[in-house]
Amino acid sequence: MNQSQSIPGSADFCIEQLKQQCVIAYPTEAVFGLGCDPDSERAVMALLQLKQRPVEKGLILIAADYTQLTPYIDDEQLTAEQRERMFASWPGPVTWVVPARSSTPRWLTGRFNSLAIRVSNHSDVQALCRGFGKPLVSTSANLTGMPPCRTAAEVTEQFGVAFPVLQAATGGRLNPSEIRDVLSGELIRQG
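Here the structure is a predicted model, which means the values were calculated and not measured.

Visitor: Can you help me understand helix 5 (residues 123-132) in this one?
Guide: Note on helix geometry: an α-helix contains 3.6 residues per turn, so any two residues three or four positions apart are oriented the same way. Where helix 5 is concerned, the buried positions are V125, Q126, L128, C129 and F132. Mapping the buried residues of helix 5 onto a view down its axis gives an arc of 165°, with all of them on the same face. On its buried side, helix 5 packs onto helix 1 (11-19), strand 1 (24-27), strand 3 (60-63) and strand 6 (136-140). Positioned one or two residues after helix 5, G133 has a phi angle of 85°, which is positive.

Okay, here's the thing in structure tokens:
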């Protein structure tokens, strides 16, 4: 489907926006997320500016499968047991902090040598990541001081009618994803 035929709000339209280094909103397991191409510094900086989020905090990458994440993480640092613990929670609403490759851009890792990653079980996230061919940056869709958006209408209310948003529903979870450190097993954020 060419760009002129893409319908705003459709997956094809959102994938075209991602290819043009734009920030989009899409439903995740609990809330809408803001996402962009993790390899585009311009897109990530636009997302951070929109969120008023400092680059030092680092970001989450969300993917359709583990292989989409391997270019960004140092899988060789993980033991078989750590990998098994991570895979046992996926696909699903658990985000793992794992060692990053030294080549992973600082605009993703922030001040850390690690990266937060998740393989989503949300069918629309899977379709976006497969259609785009790589993971997406994922941070909650909300302006600073506002609650995270749980519907496409709330995204439009906070970000305006021109903002590209995938017209679909969240997975219905009440809490954001749990975050754990893969090396220590430590709980960073309750899910």
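Visitor: Can you walk me through the packing of aromatic side chains in this structure?
Guide: Each pair of aromatic rings is reported with the distance of its centres and the angle of its planes. Per the counting criterion, the structure on display carries four aromatic pairs. Through pairs of rings, three or more aromatic residues link up here, namely Y66, F87 and W90.

Visitor: When you look at the environment of A153 in this model, what are you seeing that I'm missing?
Guide: The topology assignment puts A153 in helix 6 (residues 152-159). Spatially, the C-alpha atoms of A153 and N113 are 37 Å apart, while their sequence positions differ by 40 residues.

Visitor: What am I meant to see in unusual backbone geometry here?
Guide: Both trends apply: most residues other than glycine have a negative phi, and most peptide bonds are in trans. W90 connects to P91 through a cis peptide bond whose omega is -10°. In this model, Q21 sits at a positive phi of 65°, which is unusual for a non-glycine residue. Its location among the elements puts Q21 in the loop between helix 1 and strand 1. Accessibility expressed as a relative area gives 32% for Q21, which makes it partly exposed. Even without glycine at this site, Q52 takes up a positive phi of about 55°.

Visitor: What is the right way to read the packing of helix 1 against helix 5 from this model?
Guide: Two packed helices can be described by the angle between their axes and the distance between those axes. Interaxial distance between helix 1 and helix 5 falls to 10 Å at its minimum, and their mutual angle equals 50°. Viewed along their axes, helix 1 and helix 5 adopt a mutual orientation that is oblique. Handedness of the crossing formed by helix 1 with helix 5: right-handed. Seen from helix 1, the contacting residues are A11, C14, I15, L18 and K19; seen from helix 5, they are A127, L128, G131 and F132. Grouping the constituent residues of the contact of helix 1 with helix 5 by class yields seven nonpolar, one polar and one charged.

Visitor: I would appreciate a short explanation of the environment of G9 in the present structure.
Guide: Secondary-structure assignment places G9 in the segment before helix 1. Residue classification places G9 among the buried positions, given a relative accessible area of 12%. Measuring from C-alpha to C-alpha, the distance between G9 and S89 comes to 30 Å, with 80 residues separating the pair along the chain. Those residues within four positions of G9 in sequence are excluded, and the remaining contacts are V165, L166 and Q167.

Visitor: How do you make sense of the nonpolar core when you look at a structure like this?
Guide: It is characteristic of soluble globular proteins that their nonpolar side chains tend to be buried jointly. Judged by nonpolar contacts, the single largest core of 37 residues is most densely connected at M86, I117 and V155. Elements that contribute at least two residues to this core include exactly strand 2 (32-35), helix 2 (41-51), strand 3, strand 4 (94-99), helix 4 (106-109), strand 5 (114-119) and helix 6. A per-element tally of this core places helix 2 first, with four residues. If you look at the next biggest cluster of nonpolar residues, it comprises 13 residues, including C14, I15, I62 and C129.

Scoring rules and cut-offs
- Residues numbered from 1 in each chain as written.
- Predicted model: local features only at pLDDT ≥ 70, side-chain atom pairs only at ≥ 80, totals over all residues.
- Heavy atoms only, no water.
- Buried < 20%, exposed > 50% of the residue type's maximum accessible area, 1.4 Å probe, protein only.
- Helix = DSSP H or I, 4+ residues; strand = E, 2+ residues; numbered from the N terminus.
- Arc of directions from axis to C-beta.
- Contact = heavy atoms within 4.5 Å.
- Phe/Tyr/Trp six-rings, centres within 6.5 Å; stacked < 30°, edge-to-face > 60°.
- Axes fitted to C-alpha atoms, helices over the stretch in contact; angles between N-to-C directions.
- Parallel < 35°, antiparallel > 145°, perpendicular 65-115°, else oblique.
- Left-handed = near helix turned anticlockwise from the far one by under 90°.
- Nonpolar A, V, L, I, M, F, W, Y, C, P; charged D, E, K, R; others polar.
- Core = buried A, V, L, I, M, F, W, Y, C linked by side-chain atoms within 4.5 Å.

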